[in-house]
Amino acid sequence: MTADRRSAPAGAVAALAADRRAVLAGAVAVLATANVLNNRVAPRLAPLTSAAATCALLALARCSGLSWSELGFHRGARGLRIGGALASAVAGVYAVGIAVPATRRFFRDERALSLSRARALEEALLQVPVGTVLLEEVGFRGVLHALLTRSHGPRTATAVSSALFGLWHVLPAIDMMAANPALSGLAAGEPPGDGLRGDGAAPDPPVRASPWEAARVVAGSVAATGLAGVFFGELRRRGGLAAPSLFHVATNSLGYLFARLAPAEPGSGGGRLTGAPGTGPEPPVRS
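Here is a short report on the structure shown in this document. (Residues numbered from 1 in each chain as written. Predicted model: local features only at pLDDT ≥ 70, side-chain atom pairs only at ≥ 80, totals over all residues. Heavy atoms only, no water.)

## Brief notes about the packing of helix H7 (residues 117–152) against helix H8 (residues 154–167)
Stated precisely, the cut-off is as follows: Note on method: axes are straight lines fitted to C-alpha atoms, helices fitted across the in-contact stretch only, with angles between N-to-C directions ranging 0 to 180 degrees. Each helix is a run of H or I in the DSSP string that is no shorter than four residues. Each strand is a run of E no shorter than two, and both are numbered from the N terminus. Crossing handedness: left-handed means the near helix sits turned counterclockwise from the far one by under a right angle, and right-handed means the same turn made clockwise. The criterion used for residue contact is that any of the two residues' heavy atoms lie within 4.5 Å. Note on residue categories: nonpolar means Ala, Val, Leu, Ile, Met, Phe, Trp, Tyr, Cys or Pro, charged means Asp, Glu, Lys or Arg, and polar means any other residue, Gly included.
Here H7 crosses H8 at 140°, and the two axes come no closer than 8 Å. Where H7 crosses over H8, the two elements pack in a sense that is right-handed. Along the contact surface, H7 presents Glu-136, Phe-140, Arg-141, Leu-144, His-145, Leu-148, Thr-149 and His-152, while H8 presents Pro-154, Thr-156, Ala-157, Thr-158, Val-160, Ser-161, Leu-164 and Phe-165. Looking at the contact of H7 with H8 residue by residue, the class counts come to 8 nonpolar, 6 polar and 2 charged.

The structure is reproduced here in structure tokens:
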């Protein structure tokens, strides 16, 4: 039992617990609203939506008494070193991934390939860092983790915030099925193949996923991102929010670069979608 609970009357303790639950519920509501807005209502405005949601979350946390250190805004230099090293490792893995024919198709996201150069730069330099990573790291590894740590301890905080982080990716997982069928199949637990028919030609166009297949992809993505949340939580413990944020930005933003650098599969006609510069489908939802 904490010192404030030992010294406070029972009624005050109950009121404090109710207040903390209300703040936690408010934080979850802010995140859920931003998720729908960014993935379904106005994806292009994600930087604005995410910045506003981040400010709202920080205001809730600070009003509830959380310090900047509790929210993860500490160990900046150490976090930059850890995050920088991991970002370099991500670039190396991606480079190997597009060089090896067996793994190349996992990096060829058709909606990323359809973007003009300016639009791809917008995604990599604005949409990902501000529209995605800022809110996810401050929201899940910062505010939610700190609120849960205060009432339930760090282990429960990591477990619950990571589970919510996995559920946050339900809508992106649905979109991933169209943007990158190979990667969505891997998320569903399908064994990776070479992506080509026996005659060496490109695979037939994917058919619309059945409800069962869609459920498998979503469940696989939720599980994978939930586990990623545990890893990000460990990075946060070691290097504050800077460490997972740098790694997160590198994982997503470099995907746009390497999707464009990946050689086309034989018989695919180059893999790039045609159209006027800046047109085409919406870019893949960031995670």
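## Section: the pattern of salt bridges
Note the cut-off: Throughout this description, the term salt bridge denotes a Lys or Arg side-chain nitrogen within 4 Å of a carboxyl oxygen of Asp or Glu. Burial classes: relative accessible area under 20% of the type maximum marks a residue as buried, over 50% as exposed, and values in between as partly exposed (1.4 Å probe, protein chains only).
Applying the stated criterion across every chain, the model contains 7 salt bridges. Across the salt bridge formed by Asp-175 and Arg-40, the nearest N and O atoms sit 3.1 Å from each other. Of this pair, Asp-175 sits in helix H9 (residues 170–179) while Arg-40 sits in helix H2 (residues 10–41); the two residues are 135 residues apart in sequence, bridging distant segments of the chain. Measuring nitrogen to oxygen at the nearest pair gives 2.6 Å for the salt bridge that ties Arg-237 to Glu-234. Within this pair, Arg-237 and its partner Glu-234 are both found in helix H11 (residues 211–239), separated by 3 residues, close to a single helical turn. By relative accessible area, Arg-237 is classed as partly exposed at 48%. Its relative accessible area of 28% is what places Glu-234 among the partly exposed residues.

## Some remarks on H8
To keep it simple, the criterion reads: In a helix, the anticipated span is given by 1.5 Å times the number of residues less one. Working note: the arc is built from the helix axis to C-beta atom directions.
Its 14 residues give H8 an end-to-end C-alpha distance of 20 Å, which sits within 8% of 20 Å, the value for a rise of 1.5 Å per residue. Of all the positions in H8, only Ala-157, Thr-158, Ser-161, Ser-162, Phe-165 and Gly-166 are classed as buried. For H8, the buried positions fall inside an angular range of 160° around the axis, keeping them on one side.

## Some details on H11
For H11, which comprises 29 residues, the first-to-last C-alpha distance of 41 Å matches the rise-based estimate of 42 Å (1.5 Å per residue) to within 8%. A positive backbone phi angle near 65° is found at Gly-240, which sits one or two residues after H11.

## Topic: the nonpolar core
Operational definition: Definition used in this section: a nonpolar core is a set of buried Ala, Val, Leu, Ile, Met, Phe, Trp, Tyr and Cys residues joined via side-chain atoms within 4.5 Å.
Judged by nonpolar contacts, the single largest core of 33 residues is most densely connected at Leu-31, Leu-71, Leu-135 and Val-143. Contributions of two or more residues to this core are made by H2, helix H3 (46–63), helix H4 (76–99), H7, H11 and helix H12 (242–261). Counting residues per element, this core draws most heavily on H7, at 7 residues. In this view, Leu-31 contacts Leu-57, Leu-135, Gly-139, Phe-140, Leu-144 and Trp-168; residues no more than four positions away in its chain are not counted.

## Some details on the side chain of Arg-141
So the rule is basically this: Pairs of N or O atoms within 3.5 Å make up the polar contacts considered here, provided that, within protein, one atom can donate a hydrogen while the other can accept it, and that residues adjacent in sequence are counted only when both atoms are side-chain atoms.
Secondary-structure assignment places Arg-141 in helix H7. Residue Arg-141 is classed as buried on the basis of its relative accessible area, which comes to 2%. Only 2.8 Å separates the side chain of Arg-141 from the side chain of Glu-137, close enough to count as a polar contact. The residues touching Arg-141, leaving out its near neighbours within four places in the chain, are Leu-71, Glu-136, Phe-165, Gly-229, Phe-232, Gly-233, Arg-236, Leu-241 and His-248.

## As for the packing of aromatic side chains
Rules: A pair of Phe, Tyr and Trp rings is counted when the ring centres sit within 6.5 Å of each other, with Trp represented by its six-membered ring. The angle between the planes then sorts it: under 30 degrees is stacked, over 60 is edge-to-face, the rest tilted.
Under the defined criterion, the tally for this structure stands at 9 aromatic pairs. Each ring, one from Phe-140 and one from Trp-168, has its centre 5.3 Å from the other, and the planes form 75°; the classification is edge-to-face. Note that Phe-140 is positioned in helix H7 and Trp-168 in the loop between H8 and H9, a separation of 28 residues in sequence. The pair formed by Phe-140 and Trp-168 is uniform in burial state, with each residue classed as buried. Considering the side-chain rings of Phe-165 and Phe-232, the 6.2 Å spacing of their centres and the 55° angle between planes classify their relative orientation as tilted. With Phe-165 in helix H8 and Phe-232 in helix H11, the pair connects residues that are 67 residues apart, well separated along the chain. The class for Phe-232 is buried, based on a relative accessible area of 6%. Aromatic ring contacts, followed pair by pair, group Phe-140, Phe-165, Trp-168, Phe-231, Phe-232 and Phe-247 into a single cluster.

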